[in-house]
Amino acid sequence: DAGVIQSPRHEVTEMGQEVTLRCKPISGHNSLFWYRQTMMRGLELLIYFNNNVPIDDSGMPEDRFSAKMPNASFSTLKIQPSEPRDSAVYFCASSLEGFAGNTIYFGEGSWLTVV
Amino acid sequence: AQKVTQAQTEISVVEKEDVTLDCVYETRDTTYYLFWYKQPPSGELVFLIRRNSFDEQNEISGRYSWNFQKSTSSFNFTITASQVVDSAVYFCALSAPGSGANSKLTFGKGITLSVRP
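Since we're looking at a predicted model, the values are computed, not measured.

(A) Highlighting the overall build of chain A. Per the secondary structure count, chain A includes zero helices and 11 strands. Along the chain direction, N to C, the helices and strands of chain A fall in the order β-β-β-β-β-β-β-β-β-β-β. Whereas a compact globule of 115 residues would reach a radius of gyration of roughly 13 Å, chain A reaches 13 Å, a difference of no more than 12%. Dimensions of chain A along its principal axes, counting C-alpha atoms only, are 35 × 30 × 25 Å.

Dropping the structure here:
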């Protein structure tokens, strides 16, 4: 079975450019999460969707970040304009339901470097 | 608020040694779930185990075992006869209904395990 699929795997961009990260959750999963991993802050939740609806976006750092989920099989995380401090690994993850006990499965991550 | 503490930051062992990775959690919820994830050098996050707060039975899966003790709020992970392939960062995580987002995982800082041949 296909897991969570993220693209691109690696992205190097210049400061000020727009960055779009893409995610396809596991088929049948209706909860989707975007996490960011940095050395300083570890793994932190940016936003969480349930049935394509954003439920909790309190982790989104600022207005430069936006996320969408137009359908059950696709989500994007956009940074515009990007800054060097946005350099991190961005993980997309999905689970069956928005229930605390369900296992969250992660993609391989998108490694973003903003120079 | 939920909190996960992994006090060990880096552990180095020689192959075939046993190693225990500690995890201490805090939550006010009576129902909660604990997880361990592995992040190998390639970078992906791999799910290892989930445990709910009502099941304190220890679990063994091959060389891996987990010890859940509510009395000490700990969920420790032991690797028996470690192998070089076990080298990775290991994260303990907590999910509880009171965290706002039902499935939100609160992660510890991770433990970097290096297994030397």
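(B) Focus on the interface of chain B and chain A. Opposite the 21 residues of chain B that make contact, chain A presents 25 residues. Carbon and sulfur atoms supply 59% of the area that chain B and chain A bury against each other, a total of about 1800 Å² over both sides. Applying the counting rule to chain B against chain A returns zero salt bridges. The tally of links between chain B and chain A comes to three residue pairs in polar contact (both at pLDDT 80 or more).

(C) Structural detail: the layout of surface pockets. Within this model, the largest pocket holds a volume of roughly 530 Å³. Forming the boundary of the largest pocket are 20 residues, of which Q37 and M39 of chain A together with Q39, V89 and F91 of chain B lie nearest the centre. For the lining of the largest pocket, the elements supplying multiple residues, two or more each, are strand 4 (31–38) and strand 9 (88–95) of chain A together with strand 10 (88–95) of chain B. The element best represented in the lining of the largest pocket is strand 10 of chain B, accounting for three residues.

(D) Up close: the sheet that holds strand 8 (residues 74–79) of chain A. Residues and elements named next belong to chain A. Taken in spatial order, the four strands of this open sheet run 1-3-8-7, and their pairing is antiparallel. Of all strands in the sheet, those bounded by a partner on one side alone are strand 1 (5–7) and strand 7 (65–71). With strand direction ignored, the average angle separating the axes of adjacent strands in the sheet is 15°. Where strand 3 (residues 19–24) lies against strand 8, five bridges are found, and the strand directions are antiparallel. Note on strand 8: the bridge partner recorded for L21 is L77.

(E) Geometry of the packing of aromatic side chains. Throughout the structure, instances matching the rule amount to 21 aromatic pairs over all chains. Note on Y25 of chain B and Y32 of chain B: the rings are 5.1 Å apart at their centroids and 50° apart in plane angle, and the pair reads as tilted. Judged by relative accessible area, which is 3%, Y25 of chain B ranks as buried. The structure contains a cluster of three or more aromatic residues connected by ring pairs, namely F33, Y35, Y48, F91, Y105 and F106 of chain A together with F35, Y37, F47, F91 and F107 of chain B.

(F) Summary view of the nonpolar core. L21, W36, F77, Y90 and L113 of chain B are the most contacted members of the largest nonpolar core, which has 25 residues in total. At the level of secondary structure, the elements contributing two or more residues to this core comprise strand 2 (10–14), strand 3 (19–21), strand 5 (33–39), strand 8 (64–69), strand 9 (74–79), strand 10 and strand 12 (111–116) of chain B. The contacts of F77 of chain B, once residues within four sequence positions are left out, are V19, T20, L21, W36, L48, Y64, S65, W66 and Y90 of chain B. Ranked by size, the runner-up nonpolar core spans 21 residues in total, among them V19, W34, A88 and V114 of chain A.

(G) Main features of the state of the cysteines. Residues and elements named next belong to chain B. One pass over the full model with this rule turns up two disulfides over all chains. At a sulfur-sulfur separation of 2.0 Å, the disulfide partner of C23 is C92. Around the S-S axis, the bridge from C23 to C92 shows a dihedral of about -65° and counts as left-handed. Here C23 is found in the loop between strand 3 and strand 4 (24–26), whereas its partner C92 is found in strand 10, with 69 residues between them in sequence. Judged on exposure class, the residue C23 and its partner C92 are both buried.

(H) Highlighting the side chain of H29 of chain A. Residues and elements named next belong to chain A. Among the structural elements, H29 can be located in the loop between strand 3 and strand 4. According to the relative accessible area criterion, H29 is buried, its value standing at 11%. A distance of 2.8 Å separates polar atoms of two side chains, one belonging to H29 and the other to S94.

Rules of the game
- Residues numbered from 1 in each chain as written.
- Chains lettered and ligands numbered in written order.
- Predicted model: local features only at pLDDT ≥ 70, side-chain atom pairs only at ≥ 80, totals over all residues.
- Heavy atoms only, no water.
- Helix = DSSP H or I, 4+ residues; strand = E, 2+ residues; numbered from the N terminus.
- Rg over C-alpha atoms; globule rule 2.2 N^0.38 Å.
- Contact = heavy atoms within 4.5 Å.
- Buried area = accessible area lost by both parts, 1.4 Å probe.
- Salt bridge = Lys/Arg side-chain N within 4 Å of Asp/Glu carboxyl O.
- Polar contact = N/O pair within 3.5 Å; in protein donor to acceptor, adjacent residues only side chain to side chain.
- 1 Å grid on protein atoms, 1.4 Å probe; cavity = no way out; pocket = protein on both sides within 12 Å on 5 of 7 lines; lining within 4 Å.
- Points joined across faces, edges and corners; volume = space filled by probe spheres on them.
- Pairing = 2+ DSSP bridges.
- Axes fitted to C-alpha atoms, helices over the stretch in contact; angles between N-to-C directions.
- Phe/Tyr/Trp six-rings, centres within 6.5 Å; stacked < 30°, edge-to-face > 60°.
- Buried < 20%, exposed > 50% of the residue type's maximum accessible area, 1.4 Å probe, protein only.
- Core = buried A, V, L, I, M, F, W, Y, C linked by side-chain atoms within 4.5 Å.
- Disulfide = S-S within 2.5 Å.

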